[in-house]
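# Descriptive structure summary
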Amino acid sequence: MHSSLQSPPAGDSQVFDVGQQKDMLRATETGKSKSMELASGEGPWAPSSHSGRQKAGQPFISLTGPSQRTSPGDTAPFNCTAGPFNSQDFSRDFCVTWLKDSDEHPASAQSLVPDNGGNDFITSKAWVTLTRQDVSSEITCEVTHRALAEPLKTTMNLSQVLRVVPTLKITTEPSGTHVRVQDRVNLTCHVLHFYPAHLRLTWMENRRMIRTLVSPQATRNPDGTYSLEHTWQAEATLEEREFACWVVHDEQPPLKANITLQAQVRRQGKGQSVQPYKLQGPLQRSEPGTRIRLTYTSSGFSTHQVTVTWLKNKHELPNPQTSVRYSGHTYNVTSSVLVPLTDDDVFSHVVCHVEHKLMRFFQKTIGLDQYLRVPPTVTVSQSSTSSSLVTVTCLVQRFYPQNVHLAWLEDCHTLKSTGQPTLKKNDDGSYTLKNLLLVNASVQGPERVLTCMVEHEGQPPKRANLILSTAAHTAYKPIASTGPEMPALIFVVFLLGLKVLLAMSFTVTYICRRWNL
């Protein structure tokens, strides 16, 4: 579309105001000697294009796009600026042409903007509704005028401002209807038609991360977008497991595709089949030094030749209780074992291994962290920060899980801590929490008792106390603690008394000699 300059109508919302135009001119002049900054479509924003190196005093043209990428179906603004032109010699007879690929595109606004040096700049704005196919398209701005030896022209690739969100799906090989126990199944995540090419892909099993790939190899599609496939191999069991493929593309919210994998049961005699298992533990957490019971149940075995083995950290657990009972035309199996818990069991696991007819039929690993509760130890210490301020520290050590509630009390009244608690994960999987309280120790009055109270996993709270001494307010001492103040005082009194006796002896001796007594 060709545009001749017209005086913009008053109140036209599509025409730039003068402040916006001058800001754009300043930004354009700052970068007018640069080449295109986003030739690859993956550089910093906002994307811009310039007609080339400008000679002093010669007009140039620049083209800028939106400040962030835009999805197909959305409309993106493009601003074209040309100049400078001498205001005295420059008439309003100019023409601005916008092209999308080889087709003319309408311009939404055009204007003539003066600068402080007596020159004019031509500005024009176009809106482009993007499509997925625009990865390979370009937008062109061309300015012609009789004072120009040749038109000013600049082009920008629309891939610089376009974001095409991928579509996801997961397929299996072999398909789910033919998967048997112990079969190896290929799970393939298909990430289709996206742009730009950079993304991060993560596989998860039952909401736990198992692998992450950054910028995996992708294939270019004929329309300029990218697609990729990634395969994860898993072993089919009777246990129902959810696998998910997560994709984070161009720093946008993650996308997810998921699938449930479960082996199909083999038919046993007279139309019966092996039923899905149950593997259960206690509903409440237990502390180190106690034992928890884990139980496995299943049904539909064709024979009684079923063996269940329990292992904790690869060591077989003693005295499992396993029963195989005949029911109708099949056998039902129940097995349970007592598992001792220790402080270090945050990373421990138990394996339930089931064999049928001397072949592995089922194996499941259970983390003991879901059943473990390690109670904290709570201590309070103090240090002076000035003549009147004391920092009291509450240290909550070696507890699991991490959720605790800490409160400071003084004579049953709640105090506000100085800062946020600091939580640290230890090498053994437990946690340590530290919290500070700043206290003015110069306040006169009876002895002040400070208490750090910690609640963990709904258990009775644990407390640690300190007493602020009214005699020496710059120091705290623990309840029931003894100190060296009294022996030191006795020693000082003894030294002073000895000095007084020596002085009196010297005085009496002097008087006696003086008067010849």
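Quick caveat: nothing in here was measured; it's all calculated off a predicted structure.

### Considerations on the state of the cysteines
- Under the definition given, this model contains 3 disulfides.
- Numbered by position along the chain, the disulfide-linked cysteines of the protein connect as 1-2, 3-4, 5-6.

### Some thoughts on the pairing of strand β10 (residues 152-157)
- Going residue by residue along β10, you find Leu152, Thr154 and Met156 tucked away on one face and Lys153, Thr155 and Asn157 left uncovered on the opposite face.
- Counted along the chain from strand β9 (residues 138-145) to the antiparallel partner β10, the turn is 6 residues long.

### Quick notes on the side chain of arginine 241
- With respect to the secondary-structure elements, arginine 241 resides in strand β17 (residues 241-249).
- A polar atom in the side chain of arginine 241 sits 3.0 Å from the side chain of glutamate 205.
- Those residues in contact with arginine 241 that sit more than four places away from it in its chain are Glu205, Asn206, Ala234, Glu235, Ala236, Ile259, Thr260 and Leu261.

### Considering the sheet that holds strand β18 (residues 255-261)
- An order of β14-β13-β17-β18 is seen for the 4 strands of this open sheet, with the pairing classed as antiparallel. In the strand order of this sheet, the two ends are held by β14 (208-214) and β18, each with one partner. For this sheet, the mean inter-axis angle between neighbouring strands, taken without regard to orientation, is 15 degrees.
- In the sheet, β17 pairs with β18 via 7 bridges, with the strands oriented antiparallel.

### Some details on the environment of tryptophan 310
- Among the structural elements, tryptophan 310 can be located in strand β21 (residues 306-312).
- Judged by relative accessible area, tryptophan 310 falls into the buried class, the value being 0%.
- When the C-alpha positions of tryptophan 310 and proline 320 are compared, they lie 7.4 Å apart, and in sequence the two are 10 residues distant.
- A polar contact of 3.0 Å, which involves the side chain of tryptophan 310, links it to the side chain of serine 335.

What counts, and at which threshold
- Residues numbered from 1 in each chain as written.
- Predicted model: local features only at pLDDT ≥ 70, side-chain atom pairs only at ≥ 80, totals over all residues.
- Heavy atoms only, no water.
- Disulfide = S-S within 2.5 Å.
- Buried < 20%, exposed > 50% of the residue type's maximum accessible area, 1.4 Å probe, protein only.
- Helix = DSSP H or I, 4+ residues; strand = E, 2+ residues; numbered from the N terminus.
- Pairing = 2+ DSSP bridges.
- Polar contact = N/O pair within 3.5 Å; in protein donor to acceptor, adjacent residues only side chain to side chain.
- Contact = heavy atoms within 4.5 Å.
- Axes fitted to C-alpha atoms, helices over the stretch in contact; angles between N-to-C directions.

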